[in-house]
Amino acid sequence: MSPLAVRRLIVWVVSMVLGFVVGWLIVVVGYPVIKPESAGITVQDFGTMYFLVLSVPIGLIFVTWLDLFFDTKILSE
């Protein structure tokens, strides 16, 4: 594999992991702060599809920024 392909793979993996972590924090920590009667909510209670619809776009935001910093040229200029 070329060094550029390795950097691109790293960008995608790190971005999606960060997207899922931020999504999990929003569901488990942020949602109960806004709506206190929903304390103790889990991803299963929130809904798996809703969680994916929340987390994947957040991961794509991380892809955009990491693409800029790692200069992987995933997004064309």
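Relevant structure appears above.
Residues numbered from 1 in each chain as written. Predicted model: local features only at pLDDT ≥ 70, side-chain atom pairs only at ≥ 80, totals over all residues. Heavy atoms only, no water.

Engineer: I tried to follow helix α1 (residues 3-34) on my own but got confused; where do I start?
Structural biologist: For an α-helix, the turn length of 3.6 residues means that residues three or four places apart are oriented alike. In a regular helix each residue adds 1.5 Å, so 32 residues correspond to 46 Å; α1 covers 44 Å between its end C-alpha atoms and thus fits that length. Helix geometry: α1 is bent most strongly at Ile26, by close to 35°. Buried residues of α1: Val11, Ser15, Met16, Gly19, Gly23, Val27 and Pro32, and no others. Each element contacted by the buried residues of α1 is listed here: α2 (43-46) and α3 (48-70). (Helix = DSSP H or I, 4+ residues; strand = E, 2+ residues; numbered from the N terminus. Expected span 1.5 Å × (residues − 1). Bend = angle between axes of the 7 residues up to and from the residue. Buried < 20%, exposed > 50% of the residue type's maximum accessible area, 1.4 Å probe, protein only. Contact = heavy atoms within 4.5 Å.)

Engineer: Sorry, what's going on with the pattern of salt bridges here?
Structural biologist: A side chain of one charge can pair with a side chain of the opposite charge when the charged atoms of the two come close. In total, this model carries one salt bridge according to the counting rule given. Across the pair Lys73 and Asp71 runs a salt bridge, and its minimum N-O distance is 3.3 Å. (Salt bridge = Lys/Arg side-chain N within 4 Å of Asp/Glu carboxyl O.)

Engineer: Whenever I open this one, the side chain of Ser38 confuses me. Can you help?
Structural biologist: Tracing the backbone shows Ser38 in the loop between α1 and α2. The exposure class assigned to Ser38 is buried, which follows from its relative accessible area of 14%. The residues touching Ser38, leaving out its near neighbours within four places in the chain, are Tyr31 and Pro32.

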